[in-house]
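Overview (structure and organization)
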Amino acid sequence: MQVPSAPAAVLEPPSGPPSGRRSQPAGRPAPPALAAASGAVAVMALLPALYLVVRAAGGDPAAVVRQALDSRTLALLARSCGLAAAVTASSTLIAVPAAWLTVRTDLPGRRTWAVLTALPLVIPSYVGGYAFVAAFGPRGVAQQWLSGLGVERLPSIYGFAGAWGVLTLFTYPYVLMTVRSAMRGLDPSVEEAARSLGRRSFIRVTLPQLRPAIASGALLVALYALHDFGAVSLLRFDSFTRVIYQQYQSSFDRRSAAILSLVLVAVTLAVVTAEGRTRTRARYYRAHSGAARRAPVTALGRWRWPAFAACGLLVLAALVVPVGIVGYWFVRGMASGESAGFTLGAAAGSLQASALGAVAALVAAWPVALLSARHPGRFAGVVERSSFVGYALPGVVVALSLVFLGTRLVPALYQTRAMLTFAYVVLFLPQAVGALRASLLQVPPEVEDAARSLGSSPMTVMRRVVAPMVRPGALTALALVFLTVMKELPATLLLSPIGFQTLATRVWGATSEAFFARAAAPALALVALSSAPLAYLVFRESRRR
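The paragraphs below set out a description of the structure included in this document.

**A few points about the overall build of the chain**
Looking only at helices and strands, one finds 25 helices and 0 strands in the chain. Buried positions account for 51% of the 545 residues belonging to the chain. For the chain, the accessible surface area stands at approximately 24500 Å², while carbon and sulfur atoms represent 65% of it.

**Digging into the nonpolar core**
Counting 156 residues, the largest nonpolar core has Tyr130, Val179, Trp329 and Leu495 as its most contacted members. In terms of residue count, helix H19 (residues 417–441) provides more of this core than any other element does, 14 residues in total. When neighbours within four sequence positions are excluded, Trp329 is seen to be in contact with Tyr130, Ala134, Arg139, Val141, Gln144, Phe516, Ala517 and Ala520.

**Let's talk about the side chain of Arg242**
For Arg242, the position within the fold is in helix H12 (residues 240–250). When its relative accessible area of 17% is taken as the criterion, Arg242 is described as buried. In this structure the side chain of Arg242 is engaged in a polar contact, spanning 2.8 Å, whose partner is the side chain of Asp238. Other than its neighbours up to four places away in sequence, Arg242 contacts Phe229, Val232, Ser233, Arg236 and Phe237.

**Brief notes about the packing of helix H8 (residues 160–184) against helix H14 (residues 304–335)**
Where H8 meets H14, the closest approach of the two axes is 10 Å, and the angle between their N-to-C directions is 110°. By the criterion of interaxial angle, the relationship of H8 to H14 is roughly perpendicular. Where H8 crosses over H14, the two elements pack in a sense that is left-handed. Seen from H8, the contacting residues are Leu169, Phe170 and Tyr172; seen from H14, they are Leu314, Ala317, Ala318 and Pro322. Here the contact of H8 with H14 is composed, by residue class, of 7 nonpolar, no polar and no charged.

**Focus on unusual backbone geometry**
Its identity is not glycine, yet Arg236 carries a phi of approximately 55°, on the positive side. Its location among the elements puts Arg236 in the loop between helix H11 (230–234) and H12. The class of Arg236 is exposed, set by a relative accessible area of 52%. Unusually for a residue other than glycine, Gln415 sits at a positive phi of about 55°.

**Observations concerning helix H21 (residues 458–469)**
The end-to-end C-alpha separation of H21 is 16 Å, in line with the 16 Å expected for 12 residues at 1.5 Å each. For H21, the complete set of buried residues consists of Val461, Met462, Val465 and Val466. End-on view of H21: buried residues confined to an arc of 125°, all on one side of the axis. What points out from H21, more than 90 degrees from its buried face, is the exposed set Met459, Arg463 and Arg464.

**Focus: the side chain of Gln143**
Checked against the element boundaries, Gln143 lands in helix H7 (residues 141–147). Among the residues examined, Gln143 registers a relative accessible area of 8% and is labelled buried. Residue contacts for Gln143: discarding those within four places in its chain leaves Ala135, Gly137, Pro138, Val151, Glu152, Arg153 and Leu154.

**Concerning the packing of aromatic side chains**
Applying the stated criterion to the full structure yields 11 aromatic pairs. Measuring from centroid to centroid gives 6.5 Å for Trp145 and Tyr328, while their planes differ by 75°, and the two rings are edge-to-face. Here Trp145, found in helix H7, pairs with Tyr328, found in helix H14; they are 183 residues apart in sequence, far enough to count as distant. On the basis of relative accessibility, which here comes to 28%, the residue Tyr328 falls in the partly exposed class. Consider the rings of Phe160 and Phe237, whose centres lie 5.8 Å apart with planes at 65°: the pair is edge-to-face. Of this pair, Phe160 sits in helix H8 while Phe237 sits in the loop between H11 and H12, placing them 77 residues apart in sequence. According to the relative accessible area criterion, Phe160 is partly exposed, its value standing at 32%.

**Let's talk about the pattern of salt bridges**
Per the stated rule, a full pass over the model turns up 4 salt bridges. Among the ionic pairs, Arg304 bridges to Asp106, the shortest N-O distance being 3.8 Å. Placement of the pair is Arg304 in helix H14 and Asp106 in the loop between helix H4 (71–104) and helix H5 (110–116), with a sequence separation of 198 residues. On the basis of relative accessible area, Asp106 is assigned to the partly exposed category, the value being 26%. With a closest N to O distance of 3.6 Å, Glu384 and Arg437 form a salt bridge.

**As for the environment of Val205**
Summarising the element assignment, Val205 is placed in helix H10 (residues 201–227). A sequence separation of 12 residues divides Val205 from Ala193, and the C-alpha atoms of the two residues are 9.7 Å apart.

**Considerations on the environment of Ser530**
By the element assignment, Ser530 lies in helix H25 (residues 516–544). By relative accessible area, Ser530 is classed as buried at 1%. With 409 residues separating them along the chain, Ser530 and Leu121 place their C-alpha atoms 9.5 Å apart.

**Points about helix H24 (residues 503–511)**
Turn by turn, an α-helix covers 3.6 residues, leaving residues three or four places apart pointing in a common direction. The buried fraction of H24 is high, at 8 of 9 residues. Taken together, the buried positions of H24 are occupied by Leu503, Ala504, Thr505, Arg506, Val507, Trp508, Ala510 and Thr511.

Conventions we followed
- Residues numbered from 1 in each chain as written.
- Predicted model: local features only at pLDDT ≥ 70, side-chain atom pairs only at ≥ 80, totals over all residues.
- Heavy atoms only, no water.
- Helix = DSSP H or I, 4+ residues; strand = E, 2+ residues; numbered from the N terminus.
- Buried < 20%, exposed > 50% of the residue type's maximum accessible area, 1.4 Å probe, protein only.
- Areas by Shrake-Rupley, 256 points an atom, 1.4 Å probe, with all protein chains shown as cover.
- Core = buried A, V, L, I, M, F, W, Y, C linked by side-chain atoms within 4.5 Å.
- Contact = heavy atoms within 4.5 Å.
- Polar contact = N/O pair within 3.5 Å; in protein donor to acceptor, adjacent residues only side chain to side chain.
- Axes fitted to C-alpha atoms, helices over the stretch in contact; angles between N-to-C directions.
- Parallel < 35°, antiparallel > 145°, perpendicular 65-115°, else oblique.
- Left-handed = near helix turned anticlockwise from the far one by under 90°.
- Nonpolar A, V, L, I, M, F, W, Y, C, P; charged D, E, K, R; others polar.
- Expected span 1.5 Å × (residues − 1).
- Arc of directions from axis to C-beta.
- Phe/Tyr/Trp six-rings, centres within 6.5 Å; stacked < 30°, edge-to-face > 60°.
- Salt bridge = Lys/Arg side-chain N within 4 Å of Asp/Glu carboxyl O.

Following this line, the structure appears as structure tokens:
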């Protein structure tokens, strides 16, 4: 049985509107109600970024510039960018060979390796960070075992090296899966032609064709490293997100945190823009029309078993060790009387928050996707681009702006589930818009016109004709947002109501105080629940192949 690949939709950045240099063809004018609803969603998505600007500019502009150009801010910028660059480079160096081995070669058990090397995707980086601290930290399992052999202290896992290693192990699947998906779609005749001319086909032909997929996956990894809060905090590496959170928690004057947030937003937008410019310049076409055929399998020869061992080491480090360590602390926790009742309550909170976030994001995405698919034009482009702003913002930045907004303007909503759900919508709206828009574009407008010509009202056409045809896209959108909300940490930490807990906050609360056994049960539950929507997406993708 062929093992399906993970869905590209999970791994690729949400497909955005065309770049500003290309104008969209004008479509039919949008109904006023649709234009108003989609415009309201766009304003909602822009609200956190706009409020941060207002907040940062509220004082002396010269002071804002001084802090942004302060040597400590520049050092923080260098550390964060250095970590993102290192994680992106190492993830790419791991993922591209792994994708080639599991798609194009006769690697023993390559279909099993294809699944195992992708599974670290369901482990949140803060759970991975917790597992490695629990394994190799000063009070970890390895230290306990080695102390009997006279080893007093292991090398420190904290700082840049630890954050680099942990983030690499749990983000490389983003590059792996996008490259693997692209590799399956390559035209083998181009490589065959290169080989017939005596050229090294992988370096000269295959790798250049994979460049868009590598850039897309690398963008996801870079954004993840810049946005990550849990892993860098557990590993005590001062990146932007950790310092912003510390300033928010410790200082009464939160304008400083707002200025740092804006610097981080600028860095994020620069990374996204750089990747977008690379993508718009690239053009890749199939060499001929007709049905695609599979590329021939490459024989590894004497490199088969070394490649097998390399895949084994990768899975050992990224999957077996973290899951095994968490399982070990789970058994110890149960043996010492740790209660699972809190975990069940936190699991219920996670499911509730994820379900609310997914449904709210789907409702908000519907008018934006409908406007973009059925009424393209300048207004639709502006609305769709605006809806993507939240996706480019780190979770801690969106949460911080909503804290400012809630405490100053709408205190009745501060630390309520409504505010928390609003944050999820801002952060993950593009995932729902992308999936819905793709499904709407597959519905021929002539079908809707035919239904209207038979006397059906617009609402009836939407309910009885369009909705059933876009149901798969809607379910994909729900699953994507559900999965990401389940793992989300900083917004939940800052905005959740008092007493409301999720699995993510339970893991964070226990690990930040080094209660490894207490964190084990919610960490395992989080990984298990995160696997469910991913399994649905994998199953759906396998049916499309």
